[in-house]
Each structure stands twice: as C-alpha cells, then as structure tokens.
Amino acid sequence: MVIPEEIEGKVDTAPQLSRDASRAADTTTTVSSRRAGGQGDKETIQQKVIVDMREFRSELPSLIHRRGIDIEPITLEVGDYILTPNICVERKSISDLIGSLNSGRLYNQMLAMTRYYKRPVLLIEFDPNKSFALQTKSTLSSEISYQNLSSKLTLLTLHFPRMRVLWCPSPYATAELFEELKINRDQPDAVAAAAVTAEEGTSTAEPAAADKYNHGPHDMLLKFPGISNKNAWKIMKCIPDMAALSTTSQERLAEILEHTGNAKLLWEFLHKEQGVESDKAGKGTGKGGKFGAKGGKGKRPFKGKGAKR
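Bear in mind that the values here come from a model prediction, so they are computed numbers and not experimental data. (Residues numbered from 1 in each chain as written. Predicted model: local features only at pLDDT ≥ 70, side-chain atom pairs only at ≥ 80, totals over all residues. Heavy atoms only, no water.)

Draft legend 1. Representation of the overall build of the chain. Of regular secondary structure, the chain possesses 13 helices and 8 strands. Burial analysis of the chain (309 residues in total) assigns 37% to the buried set. Once local pairs closer than 6 in sequence are excluded, the contacts in the chain between residues at least 24 apart make up 60%. When the accessible area of the chain is evaluated, it comes to approximately 18,800 Å², of which 51% is carbon and sulfur surface. (Helix = DSSP H or I, 4+ residues; strand = E, 2+ residues; numbered from the N terminus. Buried < 20%, exposed > 50% of the residue type's maximum accessible area, 1.4 Å probe, protein only. Contact = heavy atoms within 4.5 Å. Areas by Shrake-Rupley, 256 points an atom, 1.4 Å probe, with all protein chains shown as cover.)

Draft legend 2. Just the sheet that holds strand S6 (residues 87-93), in detail. The sheet built from 6 strands is open, its strands ordered S4-S3-S5-S6-S7-S8 with mixed pairing. Every other strand in the sheet has two partners, leaving strand S4 (70-74) and strand S8 (164-168) as the edge strands with one partner each. Sheet analysis places strand S5 (residues 81-82) next to S6, joined by 2 bridges and oriented antiparallel. If you follow Ile 82 over to S6, its bridge partner there is Cys 88. In the packing of helix H3 (residues 94-103) onto the sheet, contacts are made with S6 and strand S7 (119-125), and the angle to S6 comes to roughly 100°. (Pairing = 2+ DSSP bridges. Axes fitted to C-alpha atoms, helices over the stretch in contact; angles between N-to-C directions.)

Draft legend 3. A look at the nonpolar core. Formed by 26 residues in total, the largest nonpolar core has its most connected members in Met 110, Leu 122 and Leu 156. Mapped by element, the contributors of at least two residues to this core are H3, helix H4 (105-116), S7, helix H5 (149-159) and helix H7 (190-195). Discounting chain neighbours no more than four positions away, the residues touching Met 110 are Glu 90, Val 121, Leu 122, Leu 156, Phe 160 and Met 163. Formed by 17 residues, the second largest nonpolar core is a distinct cluster that contains Met 236, Ile 239, Ala 254 and Ala 263. (Core = buried A, V, L, I, M, F, W, Y, C linked by side-chain atoms within 4.5 Å.)

Draft legend 4. The arrangement of the pairing of strand S3 (residues 48-52) in detail. Counting buried residues along S3, 4 of its 5 residues qualify, which places the element largely inside the surrounding structure. Two elements, S3 and S4, share 5 bridges in a ladder whose sense is parallel. Among the inter-strand pairings, Lys 48 is bridged to a residue of S4, identified as Asp 70. Handedness of the β-α-β unit built from S3, helix H2 (residues 60-66) and S4 comes out right-handed. (Right-handed = clockwise from strand over helix to strand, strands pointing away.)

Draft legend 5. Structural view of the packing of helix H12 (residues 250-257) against helix H13 (residues 260-271). Direction vectors running N to C along H12 and H13 enclose 135°, while the axes themselves pass 8 Å from each other. When the axis of H12 is compared with that of H13, the two are oblique. Crossing angle aside, the handedness with which H12 passes H13 is right-handed. Along the contact surface, H12 presents Gln 250, Leu 253, Ala 254 and Leu 257, while H13 presents Thr 260, Asn 262, Ala 263, Lys 264, Leu 266 and Trp 267. The residue inventory of the contact of H12 with H13, partitioned by class, reads 6 nonpolar, 3 polar and 1 charged. (Parallel < 35°, antiparallel > 145°, perpendicular 65-115°, else oblique. Left-handed = near helix turned anticlockwise from the far one by under 90°. Nonpolar A, V, L, I, M, F, W, Y, C, P; charged D, E, K, R; others polar.)

Draft legend 6. Quick peek at H5. Looking only at H5, the buried set comprises Leu 149, Ser 151, Lys 152, Leu 153 and Leu 156. In the core, the buried residues of H5 are packed alongside H3, H4, S7 and S8.

Draft legend 7. Representation of the side chain of Glu 125 in the model. Mapped onto the secondary structure, Glu 125 falls in strand S7. Side chain to side chain, Glu 125 and Arg 91 meet in a polar contact 2.8 Å long. Ignoring any residue separated from it by four or fewer positions in sequence, one finds Glu 125 in contact with Leu 60, Arg 91, Lys 92, Ser 93, Ile 94, Cys 168, Ser 170, Pro 171 and Thr 174. (Polar contact = N/O pair within 3.5 Å; in protein donor to acceptor, adjacent residues only side chain to side chain.)

Draft legend 8. Just H13, in detail. Helix length check: H13 (12 residues) gives 16 Å between terminal C-alpha atoms against 16 Å at 1.5 Å per residue, within 8%. Buried residues in H13 make contact with helix H10 (232-238), helix H11 (242-246) and H12. (Expected span 1.5 Å × (residues − 1).)

Draft legend 9. Spatial organisation of a positive patch on the surface. A surface patch of positive charge is lined by Lys 118, Arg 119, Arg 162, Arg 164 and Arg 185. Mapped onto the fold, Arg 164 is located in strand S8. (Patch = residues over 30% accessible without salt bridge, like charges linked within 9 Å, V, L, I, M, F, W, Y side chains within 5 Å. Salt bridge = Lys/Arg side-chain N within 4 Å of Asp/Glu carboxyl O. Lys, Arg positive; Asp, Glu negative; His and termini not counted. Charge placed at Lys NZ, Arg CZ, Asp CG, Glu CD.)

Okay, here's the thing in structure tokens:
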C-alpha cells in the first residue's frame, strides 16, 4: 500500500495542522496619537485561546489552530476554554452533559464559572454523524420533571441567568464560532486563568478578592425571598452574619435593600415559623430568629477572614 510522505511522517510538514495565513492576525489595531492626524504605527494582535490540557484528546484544539488562532495549553480547574478575560467555556458532549446533570457536577462547574467570569458559556457539542437534536420527539414532555433532560437544563439556566448555552453540530462549527466570539475582544491571560481554582471558590491570583466574602453564606442568602444578585451585596456590606440578619428590624432591612416589598418578604421569611409570626415587625426578636446562635456559636459571617470588618 502506498502512503503519502506527509502522512507517513517523513517530512516536517503536516497538512492537518496547516494554518490559514489570512486569519493569523486579528484585525484589531492600535493607532499611536503622537503623530499628526493619528497616522501612527499600527500594531496587529495575534489571537489566542487558552485550552485545558485534557481537551487535547479531542480534535477541537487542532481545528482552532488551523484557523490561525494560537493555542496555549495549561491545566484549568474552571472551564475548558478561555476565549477572552470575560468568556469562559465549558464544553460538553451529549453523553457528558447527561452524566454531569445527573451527578450535579455541571452545577458546581457553572457555580465556579459565574464567580470568576462575567460570561460563562455552556457549549453543547453534537456528534456530526448523529442527529442534531438533544432528545427525540418520543422523549419530549411538556411537563417539568427532575428526570427529564430538558427540564434539568432549563432549571440550570434559571439558576444561572448569566450563563449562555451554545449549540454546535460539530467541532468545525465550534472552531468557527470561537473565532467569531473573539472578534474585537481582548486576549486572555494564562497566568490569571491558571490561578483560578474550583476548590472552596478560591483564587490564588487575587487572595484579597477571595477573602472578601464567604461563598457559602452568600449562596444561602441568594435563596431567601426578596434577595437577588443585585441587592445581596447590600446585605453583606451592612450586616456581618446570618445571626445579625435574623435580628435586624424590618425598617432597617428596607433601608438597606431600598425596597419595602423585598424587606417585608425577607423579614417574614426569617421570623415566621410553622405559620406563627414572632413579635411585631420592626422591633426584632432578640432571639436570633431561625438563624440565631447562642453564645455566638453557629454564626455564618458574610465576610471572609481577609476582609475588613
């Protein structure tokens, strides 16, 4: 059997890794203002994508490289691909998506991504040899069920409103989509990406930011009625811990949240127990409510050890 030289590996060239020279550099330029009329030197910026080492078992990194984008392989604990300083992508095949949803691993991955990146992305990549459909018509249901794949994915998007879901029929479409997402955007920093760790929600790159607040009480606070991502920080800034929150009056909560309706919902949630209300609103219980702590034990402070009290 006759095998071409380039496939046999006897030459230095590899057609599978050949790059498109016209795509090798970004069209983004910087113009020096030191010269009259702004006719300064133009500096081209090479596109770059940070890729997790485990992703090289797939063909997507080589396809990205062929489109003229540099690949920087490092070990990532959060995300699989870092396209920009704000865009982090978690790539899932259909089988991996089903397993991650059933085990709860995908929830933890999205939780870590939303803490450190403004645009977390869930990429669902299909097999090009199979149907471009998440479920068959026979398995689709109009009712919400914890056993249904579409229902789980819907609940995930509701829990993480900043998460974006991308559907790609093949790795070739994924590489093209990555190139479009990087147009006129900054390049990622490998040092900052490697410093982000999923363990206990810490980041070695910014220890001060990691110690600014405790993620456990913060996530718990977001489950309370009247609390959202926007006003949760107001609570954490003005109230030290859960025990203090339970003794805060309704009027004080209204001042902090700047919304009487949300303050009422939160106060009633903290002080109603089995349908029986505690003391009148505004006076506080003095006992710590549901999250009270005797002798200071059991408190869950919002701020971390490194934050100023």
